[in-house]
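# Examination of the molecular architecture
Each chain, written out:
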Amino acid sequence: MQKQGTVIRWDATRAFGFIRSPDTSADVFFHVRDYRGSAAPREGLAVVYEEIHVGGKGPRAMAVQPMAQQGAAPQPRPSAKSPPQRARHEPAQRATKPRTQRHRRPADASGPPTPAGPALVLMLGWVALLAWGLWAGQLPWWVLGATLAVNLLTFLVYAIDKSAAQNGQWRTKESHLHLLSLAGGWPGAWFAQQWLRHKSRKVEFRTVYWATVVLHCAALGAWVGGWLR
């Protein structure tokens, strides 16, 4: 869907900016490779663009071009010969096909959100395993405080990364997010993915995330069961 807006921020060094539109609640991110103008983007420039949504990263603008440039596009002059007119329209139709494909590619890299039921059941089992380990003396009591702290930290890091993604700032490495999950912060990561809608649809990220969950739970079970001591 084509929308209109105004460039409110442009970072020439990092080659990206943001568009504000009355049709979208959040500012829309765009990169210089998606800009179609003859002159460089600038703040205050009125533009038209195609808006897409990539996972939980917020809106993104594609095929951005100045409104003045769009209005100045030459119109086909009336002619008695119909074949030249059809030939003039065919390249325009072909030129729109890459845009349609570009809109579909982000959807291929994402998948449906994970159902809450299995995750909550796994969390209950994980809490029960922790409780049994503490009650049986297999785990020291400071583990309880450390577990709460790492989950709060994980949720906070996800929130900071979500804000950075929306504002075009420095992002947290995905490997750091996975390390927090592996250290026991995976429940906090799951709640952050669902409530903040961040990293909740990227298939590659979710695959590694669930691998860290399995490894952490297996290591915890082996320790409480006495197989690692």
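Residues numbered from 1 in each chain as written. Predicted model: local features only at pLDDT ≥ 70, side-chain atom pairs only at ≥ 80, totals over all residues. Heavy atoms only, no water.

Below, the discussion takes up helix 3 (residues 116-135). Helical periodicity: at 3.6 residues per turn, an α-helix aligns residues three or four positions apart in one direction. The terminal C-alpha atoms of helix 3, which comprises 20 residues, lie 28 Å apart, in line with the 28 Å expected from a rise of 1.5 Å per residue. Three or more residues of helix 3 are buried, namely Ala-119, Met-123, Trp-126, Leu-130, Gly-133 and Leu-134. Mapping the buried residues of helix 3 onto a view down its axis gives an arc of 100 degrees, with all of them on the same face. Exposed and facing more than 90 degrees away from the buried side of helix 3 are Pro-118, Val-121, Leu-124 and Trp-135. Tucked into the core, helix 3 has its buried residues touching helix 4 (142-167), helix 5 (174-195) and helix 6 (203-224). (Helix = DSSP H or I, 4+ residues; strand = E, 2+ residues; numbered from the N terminus. Expected span 1.5 Å × (residues − 1). Buried < 20%, exposed > 50% of the residue type's maximum accessible area, 1.4 Å probe, protein only. Arc of directions from axis to C-beta. Contact = heavy atoms within 4.5 Å.)

Bringing the confidence of the model for the protein chain into the picture now. Looking at the protein chain as a whole, its pLDDT mean stands at 79, while 79% of the residues score no less than 70. Residue range residues 73-93 is modelled with pLDDT below 50. Its contacts to residues more than four positions away, or to other chains, number six contacts. Counting interchain partners and residues more than four positions distant, the pLDDT-below-50 stretch residues 100-109 has 11 contacts. (pLDDT = per-residue confidence, 0-100.)

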